[in-house]
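So the chains spell out like this:
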Amino acid sequence: MKPKLLIIRDIKRDIINKLAEHFEIDYQPSCSRKQLLKSLQGAYALLNYGIKIDEELIQHAPNLKLVSNISVGYDNFDTNAMKKAGIIGTHTPYILNDSVVDLTFGLMLSAARRISELDAKIKKGLWTVKDDVNYYGLNVHHKKLGIIGMGRIGEDLARRAKLGFLMDVSYYNRREKPELEEQHIYWKPLEKLLAESDFIVMLTPLTAETKNMIDASKFKQMKNTSVFINMSRGATVDEKAMYLALKNKEIYAAASDVFVQEPINTDNPLLQLENFTAAPHIGSAIYETRDDMAQLAAENIIEVLIHGKRQNVVPELQILLK
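Residues numbered from 1 in each chain as written. Predicted model: local features only at pLDDT ≥ 70, side-chain atom pairs only at ≥ 80, totals over all residues. Heavy atoms only, no water.

Caption draft 1: Spotlight on the overall build of the protein. Looking only at helices and strands, one finds 11 helices and 12 strands in the protein. Taken along its principal axes, the extent of the C-alpha atoms in the protein is 70 × 50 × 35 Å. The 322 residues of the protein split such that 48% are buried. Put simply, 59% of the contacts in the protein that link residues at least 6 apart link residues at least 24 apart. Accessible surface computed for the protein: about 16,400 Å², of which carbon and sulfur atoms make up 51%. (Helix = DSSP H or I, 4+ residues; strand = E, 2+ residues; numbered from the N terminus. Buried < 20%, exposed > 50% of the residue type's maximum accessible area, 1.4 Å probe, protein only. Contact = heavy atoms within 4.5 Å. Areas by Shrake-Rupley, 256 points an atom, 1.4 Å probe, with all protein chains shown as cover.)

Caption draft 2: Structural view of the environment of Lys4. With respect to the helices and strands, the residue Lys4 is situated in strand β1 (residues 4-7). Along the primary structure Lys4 and Asp119 are separated by 115 residues, whereas in three dimensions their C-alpha atoms are 50 Å apart. Aside from chain neighbours lying at most four places away, what touches Lys4 is Glu24, Asp26, Ser39, Gly42, Ala43, Tyr44 and Ala45. There is a polar contact of 3.3 Å between the side chain of Lys4 and the side chain of Asp26. (Polar contact = N/O pair within 3.5 Å; in protein donor to acceptor, adjacent residues only side chain to side chain.)

Caption draft 3: Main features of the sheet that holds strand β7 (residues 168-172). Spatial ordering of the open sheet is given by β8-β7-β6-β9-β10-β11-β12, a layout of 7 strands whose pairing is parallel. In this open sheet, the two strands that pair with only one neighbour each are β8 (186-187) and β12 (276-278). In terms of strand pairing, strand β9 (residues 199-202) meets strand β10 (residues 227-230) through 4 bridges, oriented parallel. Residue pairing in the sheet places Val201 in a bridge with Ile229 of β10. Its contacts with the sheet put helix α5 (residues 97-113) on β6 (144-148), β9, β10, β11 (253-256) and β12, and the angle it makes with β11 is roughly 150°. (Pairing = 2+ DSSP bridges. Axes fitted to C-alpha atoms, helices over the stretch in contact; angles between N-to-C directions.)

Caption draft 4: Focus on the sheet that holds strand β5 (residues 88-90). If you trace the 5 strands from one edge of the open sheet to the other, you get β2-β1-β3-β4-β5, paired in parallel fashion. Of all strands in the sheet, those bounded by a partner on one side alone are β2 (24-27) and β5. Neighbour to neighbour, the strand axes of the sheet diverge by 15° on average, direction disregarded. Summarising the sheet, β1 and β2 pair through 4 bridges and their orientation is parallel. Among the inter-strand pairings, Leu5 is bridged to a residue of β2, identified as Ile25.

See below:
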């Protein structure tokens, strides 16, 4: 008898068929929380996008051995609770890098050249002068880019920034990467990076150490002409502090693809600011990218559970593999 695999994400039929060679498939792409907990009773594996894997869920999943995230981030994993229960977790790195970098540059350009703000003005009939200094923005090319969190996406962003926009790139990371010096990409202390950069991109994962990492004190260290972009997770930034920094012109502009609460509350004061650009967590929201992520998430399940490999197991849960 095949072990049961619960799929709670809409994925292509050919991926489901591939998984069905090894598992009994329970396909419920739009199940409610109540139905999810009920269906987990007999599940051996879970193909998941964004559902919190915490103690409550684990209590309803006595047979669960693996959760495969269709995402590179895994802050939805309570890794301590998963360790105790012996549940392995996998994710989908690399595949979405280019799509996330594309969006990062889109937000940088939109914030610097005020594209979203001025688009709204035109549509309201407020463009009355052909060349108005009130429409001026900032250059992106040849500026200084500071990247906080130099993982795979950060490295791809740095290379494209240098090649495409001729930017001077530096980064802050817990671990220095001397190999990047050959590409003239240099590590800097966080305080120095914040003080010198024209554009600052947040790319760290969300951990206990990075929660509210960018707070009021960090915004005060930035130049008043700097542009801040959050592409990590909403909780890595103190949203109230970002709002005040923008309102008080401590920084020039900001943009974010991620928020503490998603979907964002419509009364969030950030949405009232002209110098703030918002996106609805669309870093990997491309049909091809999401399909490739689902394909890799499926492969992770097969490689780990059927072939006994360590493919894309998150670092904190590697200890569960023999």
